[in-house]
Amino acid sequence: MATIKIKYSQLFTLSVMQLFYSNKVSRSYQSTPVLDFMIVPTAECQDFMKARNMIFKNTDTTGGFTVLARTSGTNGAGNDLLRYPVNAPDKLSFFMIMQNPDLVNFDLLPTQPNPGKIYYFSNQVTDAAATRNSLHLSVNAAGVDGSADQIKKASVQYTFNYAGSVTAATIIQVKHLLTGALITPKSVTTQGGQSVFNFDLSVLPLGYCQLLVDGVLTDTFYFLGTVANQQVFGVIELSLSTSLSANYRIVEADMSLVAARPNYIILFKNRQTVWRYTVQLLPTSPLYLEMAKLTPAQKTAFIKQLGMAANDTTILFKLASNTDSSFVFVSAANIALKEKYISSTSTTNDPLIITLSKYITTPAKEAVVKTSLPYPSTSVIDAGSLPTIYSDVFITI
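Let me sum up the structure you'll find in this document. Source: prediction; values computed, not measured.

Calculation rules
Residues numbered from 1 in each chain as written. Predicted model: local features only at pLDDT ≥ 70, side-chain atom pairs only at ≥ 80, totals over all residues. Heavy atoms only, no water. Helix = DSSP H or I, 4+ residues; strand = E, 2+ residues; numbered from the N terminus. Rg over C-alpha atoms; globule rule 2.2 N^0.38 Å. Buried < 20%, exposed > 50% of the residue type's maximum accessible area, 1.4 Å probe, protein only. Contact = heavy atoms within 4.5 Å. Areas by Shrake-Rupley, 256 points an atom, 1.4 Å probe, with all protein chains shown as cover. Lys, Arg positive; Asp, Glu negative; His and termini not counted. Charge placed at Lys NZ, Arg CZ, Asp CG, Glu CD. Pairing = 2+ DSSP bridges. Axes fitted to C-alpha atoms, helices over the stretch in contact; angles between N-to-C directions. Phe/Tyr/Trp six-rings, centres within 6.5 Å; stacked < 30°, edge-to-face > 60°. Core = buried A, V, L, I, M, F, W, Y, C linked by side-chain atoms within 4.5 Å. Salt bridge = Lys/Arg side-chain N within 4 Å of Asp/Glu carboxyl O.

Turning to the overall build of the chain, a few remarks are in order. When its secondary structure is counted, the chain shows four helices and 28 strands. Its C-alpha radius of gyration of 28 Å places the chain more than 25% over the 21 Å reference for a compact globule of 397 residues. Judged by the C-alpha coordinates and their principal axes, the chain covers about 90 × 75 × 35 Å. The burial tally for the chain puts 48% of its 397 residues in the buried class. Restricting the contact set of the chain to residue pairs at least 6 apart, pairs at least 24 apart contribute 70%. When the accessible surface of the chain is totalled, it reaches about 19,700 Å², and 54% of it is carbon and sulfur. Averaged over its 30 positive side-chain charges, the chain has a centre that lies 3 Å from the centre of its 25 negative ones.

Encoded structure:
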């Protein structure tokens, strides 16, 4: 009996990286990472992969996934050939579902999510400097940008309010960029110098679209179909076109897969905040009792000698305000939020230690009031004084 051999080859890999974490992927774990994002193929992507004999596999240790495709034979260079050819408009699309709402605090993202937009990541990037093993899908190589990488989203019923009048001769179209498909409005209403365009986009595949009025780009959006009202953080759209830049290309013109497969990266930078420590003194606190014995002038001098310091010489604090029973210290500069804090000026990678002391300008009397102060929580930030964002720590002594 003849043996049938079926071979699958890697199309590409994708990783989601977050600089907040020590391992750049997830919180430290013993056996299985708990990820902040769940990535799933869209329904149309699942159908496409089934028809082309492709396999999707989550790779939790990289925060992403791998896609394999059935191959058959090789070309003259010995590279695997796709068993089922693909065409220029073909794409693979995936939804990113947020599973940890705290990430908008510790990742550098807008503090107030826009419900009318989603993040859009695509391999239709032009960056000759990006290497095959680290191809950024964000607009900027440095990482995800809340302005550059978000796009308006639209459902099946797309409506646009146009600031102007149109006539029957005006050409109004929605263009689906990958396929080139054009849709005209099902209705146009003009009144008082304003116009409203209503479209039914149900015949389109999911994808990046443009609204053109007499050929002029008027709006851009991502057509999400029936899931537009669901909690989708972002969409990843990977074109299979053979005309993409060589470093970002998945499939070659002869349907071959070159040996160096593309590894796509979605990188989230960690947020930097001003650390604000509010120290509250109880009436029974030794520090409170010590101050109670001082004259007003002595108390003023005493407060000037209260200080907060770190075993990292790049991190400095200053007293921002005080009363007789409370003190507020703030960092002199923004500090990057991290899962684990290490002193950057320690030669032995010591943990970051923050200490409250008294008599800091009198070496003979200097003494520690409290050390190993806690780091800020990432469950909340204070963005009420933009552009400054605070991370708060409350301490009672």
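For sheets, the rule is that strands pair by backbone hydrogen bonds, running either parallel or antiparallel. Across the sheet, which stays open at both edges, the three strands sit in the order E10-E14-E13 with antiparallel pairing between neighbours. At either margin of the open sheet sits one strand with a lone partner, and together these are strand E10 (157-162) and strand E13 (187-191). Looking at each pair of strands side by side, their axes are set apart by 15° on average, direction ignored. Sheet analysis places E10 next to strand E14 (residues 194-200), joined by six bridges and oriented antiparallel. Among the inter-strand pairings, Gln-157 is bridged to a residue of E14, identified as Asp-200.

Let us now look at the packing of aromatic side chains. Overall, the coordinates contain 25 aromatic pairs when judged by the stated rule. Ring centres of Phe-12 and Phe-65 lie 5.9 Å apart, and the angle between their planes is 80°; this geometry places the pair in the edge-to-face category. Highlighted residues: Phe-12 in strand E1 (residues 7-18) and Phe-65 in strand E4 (residues 64-74), separated in sequence by 53 residues. For the pair Phe-12 and Phe-65, a shared accessibility class is recorded, and that class is buried. Here the aromatic rings of Phe-56 and Phe-65 are separated by 5.0 Å at their centres, their planes lie at 40°, and the arrangement is tilted. Here the aromatic residues Phe-12, Phe-56, Phe-65, Phe-94, Tyr-248 and Tyr-264 are joined through ring pairs into a cluster of three or more.

Right, let's talk about the nonpolar core for a bit. Core analysis: the biggest nonpolar cluster contains 69 residues, and Leu-11, Leu-92 and Ile-236 have the highest contact counts within it. By residue number, the principal contributor to this core is E1, which donates four residues. What Leu-11 contacts, discounting residues up to four positions off in sequence, is Met-54, Val-67, Leu-68, Ala-69, Leu-82, Leu-92, Ile-250, Val-251, Leu-257, Arg-261 and Pro-262. Membership of the second largest hydrophobic core comes to 28 residues, among which are Tyr-158, Leu-206, Val-213 and Ala-228.

On to the pattern of salt bridges. Counted by the stated rule, this structure contains nine salt bridges. As a salt-bridge pair, Arg-276 and Asp-392 come within 2.6 Å of each other at their nearest N and O atoms. Linking Arg-276 in strand E20 (residues 272-280) with Asp-392 in strand E28 (residues 388-396), this pair joins segments that are 116 residues apart in sequence. Under the relative-accessibility criterion, Arg-276 is labelled buried at 19%. Classification of Asp-392 by relative accessible area gives partly exposed; the value is 24%. Notably, a salt bridge pairs Glu-290 with Lys-358, separated by 2.7 Å at the nearest N-O pair. With a gap of 68 residues between them, Glu-290 in helix H3 (residues 286-292) and Lys-358 in strand E25 (residues 354-358) connect regions that are remote in the sequence. Taking the relative accessible area as the measure of exposure, Lys-358 reaches 18% and is therefore buried. Taken together, the shared-partner salt bridges in this structure form one network comprising Arg-276, Asp-382 and Asp-392.

What follows covers the pairing of E28. The sheet contact formed by E20 and E28 spans seven bridges and is parallel. Paired with Tyr-277 across the strands is Val-393, a residue of E28. By the bridge criterion, two bridges tie strand E27 (residues 382-385) to E28 in an arrangement that is antiparallel. By the bridge assignment for E28, Ser-385 is matched with Thr-388. Here E27 hands over to E28 after two residues, the two strands then running antiparallel side by side.

Residues Leu-386 and Pro-387 are joined by a peptide bond in cis, for which omega reads 10°. The backbone phi angle of Asn-53 is positive, close to 60°, even though this residue is not glycine. Residue position: Asn-53 is located in the loop between helix H1 (43-51) and strand E3 (54-59). Phi at Asn-349 takes a positive value of approximately 55°, unusual for a residue other than glycine. Checked against the element boundaries, Asn-349 lands in the loop between strand E24 (335-336) and E25.

What follows covers the environment of Ile-250. The topology assignment puts Ile-250 in the loop between strand E17 (234-239) and strand E18 (256-257). Along the primary structure Ile-250 and Tyr-29 are separated by 221 residues, whereas in three dimensions their C-alpha atoms are 33 Å apart. Not counting the four nearest positions on each side in its chain, Ile-250 is found in contact with Leu-11, Phe-12, Asn-123, Leu-238, Ser-239, Leu-240, Ser-256, Leu-257, Arg-261, Pro-262 and Tyr-264.

So, on to the sheet that holds strand E21 (residues 307-310). Across the sheet, which stays open at both edges, the three strands sit in the order E21-E25-E26 with antiparallel pairing between neighbours. The sheet terminates laterally at E21 and strand E26 (367-370), the two strands that pair on one side only. Along the sheet, successive strands turn relative to each other by an average axial angle of 45°, direction set aside. Here three bridges tie E25 to E26, and the two strands are oriented antiparallel to one another. What sits directly across from Ser-357, in E26, is Val-368.

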